[in-house]
Amino acid sequence: MEITMTLNGHSINIDTDTNTSLLEMLRKENLMSVKCGCEKGICGACTVLLDGKAVPSCLVPSPVANNASVETLEGFIESDDYKDIISGFEQAGIKLCGFCNAGKIFAAYELLNKKNKPEKEEIIQMTKSFPCSCTEPSQLANGILFALANRHRRKALKKSRL
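In this numbering scheme, every chain counts its residues from 1 along its sequence in written order. Only residues with pLDDT of 70 or above have their local features reported here, since the model is predicted, and side-chain atom pairs are shown and tallied only from 80 upward, although totals for entire chains, interfaces and linings are computed over all residues. To obtain the side-chain values, all non-hydrogen atoms of the structure were used and water was disregarded.

Participant: Give me the lowdown on the environment of Lys 159, citing residues and values where you can.
Facilitator: Put simply, DSSP marks the helices as runs of H or I at least four residues long and the strands as runs of E at least two long, and each gets a number from the N terminus on. Note that Lys 159 resides in helix H6 (residues 137-161). Accessible area is worked out with a 1.4 Å probe on protein chains only. A residue is then buried under 20% of its type maximum, exposed over 50%, and partly exposed in between. Overall, the relative accessible area of 66% leaves Lys 159 in the exposed class. Once the C-alpha coordinates of Lys 159 and Arg 27 are considered, the two residues, 132 residues apart in sequence, prove to be 39 Å apart.

Participant: Would you mind going over the packing of aromatic side chains in detail, with residue names and values included?
Facilitator: Working definition: rings of Phe, Tyr and Trp (its six-membered ring) pair if their centres are within 6.5 Å, and the pair is stacked with planes under 30 degrees apart, edge-to-face with planes over 60 apart, and tilted otherwise. In this structure the tally under the stated criterion is three aromatic pairs. Ring centres 5.1 Å apart and planes at 65 degrees place the aromatic pair Phe 76 and Phe 106 in the edge-to-face group. With a gap of 30 residues between them, Phe 76 in helix H2 (residues 73-76) and Phe 106 in helix H4 (residues 101-114) connect regions that are remote in the sequence. Across this residue pair, the class does not change: Phe 76 and Phe 106 are buried. Taken together through their ring pairs, the aromatic side chains of Phe 76, Tyr 82, Phe 106 and Tyr 109 make up a single cluster.

Participant: I'd love a proper account of helix H5 (residues 120-127), names of residues and values included.
Facilitator: Taken together, the buried positions of H5 are occupied by Ile 123, Ile 124 and Thr 127. Buried residues in H5, looked at end-on, bunch into an arc of 100 degrees, giving them a common side. Residue contacts are defined here by distance: any two heavy atoms, one from each residue, within 4.5 Å place the two residues in contact. The secondary structure elements touched by the buried residues of H5 are H4 and H6. Directions pointing from the helix axis toward each C-beta atom define the arc.

Participant: Break down the packing of H5 against H6 for me, citing the residues and quoting the values.
Facilitator: Here the axes come from fitting lines to C-alpha atoms, over the contacting stretch only for helices, and the angles between their N-to-C directions go from 0 to 180 degrees. Interaxial distance between H5 and H6 falls to 9 Å at its minimum, and their mutual angle equals 115 degrees. As H5 packs across H6, the resulting crossing turns out to be right-handed. When H5 is examined against H6, the residues Lys 120, Ile 123, Ile 124 and Thr 127 are found in contact with a partner set consisting of Pro 137, Ser 138, Leu 140, Ala 141, Asn 142, Ile 144 and Leu 145. Charged means Asp, Glu, Lys or Arg here, nonpolar means Ala, Val, Leu, Ile, Met, Phe, Trp, Tyr, Cys or Pro, and polar covers whatever is left, Gly included. The class makeup of the residues in the contact of H5 with H6 is seven nonpolar, three polar and one charged. Here a crossing is called left-handed whenever its near helix is offset anticlockwise from the far helix by less than a right angle, and right-handed whenever the offset is clockwise.

Participant: Got a sec to walk through the nonpolar core? Specific residues and values, please.
Facilitator: Nonpolar core, defined: a set of buried Ala, Val, Leu, Ile, Met, Phe, Trp, Tyr and Cys residues in which side-chain atoms within 4.5 Å join the residues together. Counting residues in each nonpolar core, the largest one holds 23 residues, and the members touching the most others are Phe 76, Ile 85, Phe 89, Ile 105, Phe 106 and Ile 144. For this core, the secondary structure elements donating two or more residues are H2, helix H3 (80-91), H4, H5 and H6. Residue contacts for Ile 105: discarding those within four places in its chain leaves Leu 73, Phe 76, Tyr 82, Ile 85, Ile 86, Phe 89 and Leu 96. In this structure, Ile 3, Met 5, Leu 23 and Cys 46 belong to the second largest nonpolar core, which totals 19 residues.

Participant: Please give an account of the sheet that holds strand S2 (residues 10-15) that cites residues and values.
Facilitator: Paired strands are those between which DSSP finds at least two bridges. Taken in spatial order, the five strands of this open sheet run S2-S1-S5-S3-S4, and their pairing is mixed. Looking at strand neighbours, the two that pair on one side only are S2 and strand S4 (53-56), the edges of this open sheet. Going across the sheet, the axis of each strand differs from the next one's by a mean of 40 degrees, ignoring polarity. Bridge analysis of strand S3 (residues 47-50) against S4 gives four bridges, and the strand direction is antiparallel.

Coordinates in, geometry out; function isn't part of it.
Pasting the structure below:
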């Protein structure tokens, strides 16, 4: 079956099988930020943005992406949101291992979009499902709080220039 989708900002057509996961389809497109981890939707390694929402691509059948927008880290790294998040992670001393990047970065993105002022404990609860030990929960929460501050600064600066 052929599906049409927007992938990292570009409209494309992809031949896929109805039994193929979005993860498998994206890996066949050489998008290496989408990792195959637990294949149960828990580890976050295969996380992508599907119509702006962070989802585990291992659990999404590829036909669901038909007429949808999918963004992987390869596309997301061009955004101001990514820069805010990575800068926040750096401020917190976070060094991601490479395997869990998509899960933690897209979890931060979702939190930044859902909450204007999340509490540290709330962030820890929302991100505790990621089993990767490269970042401890409190450090990840600090990184997300720094990212939120970076976003507020960037938006205030942009507003002041208008």
